[in-house]
Amino acid sequence: MFRMTVGRITDEQWYAGESPGQVPAKIALHALQWADYYIQADPSAFNSKERFGVDSNDEPSSLPSRTALRTYLDDVAARTDAFLRGRDGARARCIGDGVEVTKQ
């Protein structure tokens, strides 16, 4: 669903919002950075600016493109799958626009 929504937003819409907190680029980056944070082996060592040099609090024009965010999404999804596989025999599997988690 996340990927589909990002794909539907135009480049013009990506960096603009009715308020500073409603900019799609900020919302998407924020969501992915926190997902990334929660799957870290040591969350206290997580640096939100490591990947792009910015975080979701920075100016919209400095935030990553939709293409860059989709690549980040692929990376976080793969690492989330690996993370869940290591937890109590759980396995995550992408199904359409969602994720199904099953016990093995």
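Remember, predicted model here, so these are calculated numbers, not experimental data.

(A) The overall build of the chain, seen in detail. Check the secondary structure of the chain and you find four helices and two strands. A total of 104 residues make up the chain; the buried ones form 26% of that total. A sequence separation of at least 24 residues applies to 49% of the contacts in the chain between residues at least 6 apart. Only carbon and sulfur atoms are counted for the fraction: they give 52% of the accessible area of the chain, which is about 6700 Å².

(B) Focus on the packing of aromatic side chains. Throughout the structure, instances matching the rule amount to six aromatic pairs. Relative to Tyr15, the ring of Trp14 lies with its centre 6.5 Å away and its plane at 80 degrees, an arrangement referred to as edge-to-face. Judged by relative accessible area, which is 31%, Tyr15 ranks as partly exposed. Ring geometry for Phe52 against Tyr72: centres 5.5 Å apart, planes inclined by 80 degrees, an arrangement best described as edge-to-face.

(C) Expanded view of helix H4 (residues 66-85). The terminal C-alpha atoms of H4 lie 28 Å apart, and with 20 residues this matches the ideal 28 Å at 1.5 Å per residue to within 8%. Every buried residue of H4 is listed here: Arg66, Leu69, Tyr72, Leu73, Val76 and Asp81.

Scoring rules and cut-offs
- Residues numbered from 1 in each chain as written.
- Predicted model: local features only at pLDDT ≥ 70, side-chain atom pairs only at ≥ 80, totals over all residues.
- Heavy atoms only, no water.
- Helix = DSSP H or I, 4+ residues; strand = E, 2+ residues; numbered from the N terminus.
- Buried < 20%, exposed > 50% of the residue type's maximum accessible area, 1.4 Å probe, protein only.
- Contact = heavy atoms within 4.5 Å.
- Areas by Shrake-Rupley, 256 points an atom, 1.4 Å probe, with all protein chains shown as cover.
- Phe/Tyr/Trp six-rings, centres within 6.5 Å; stacked < 30°, edge-to-face > 60°.
- Expected span 1.5 Å × (residues − 1).

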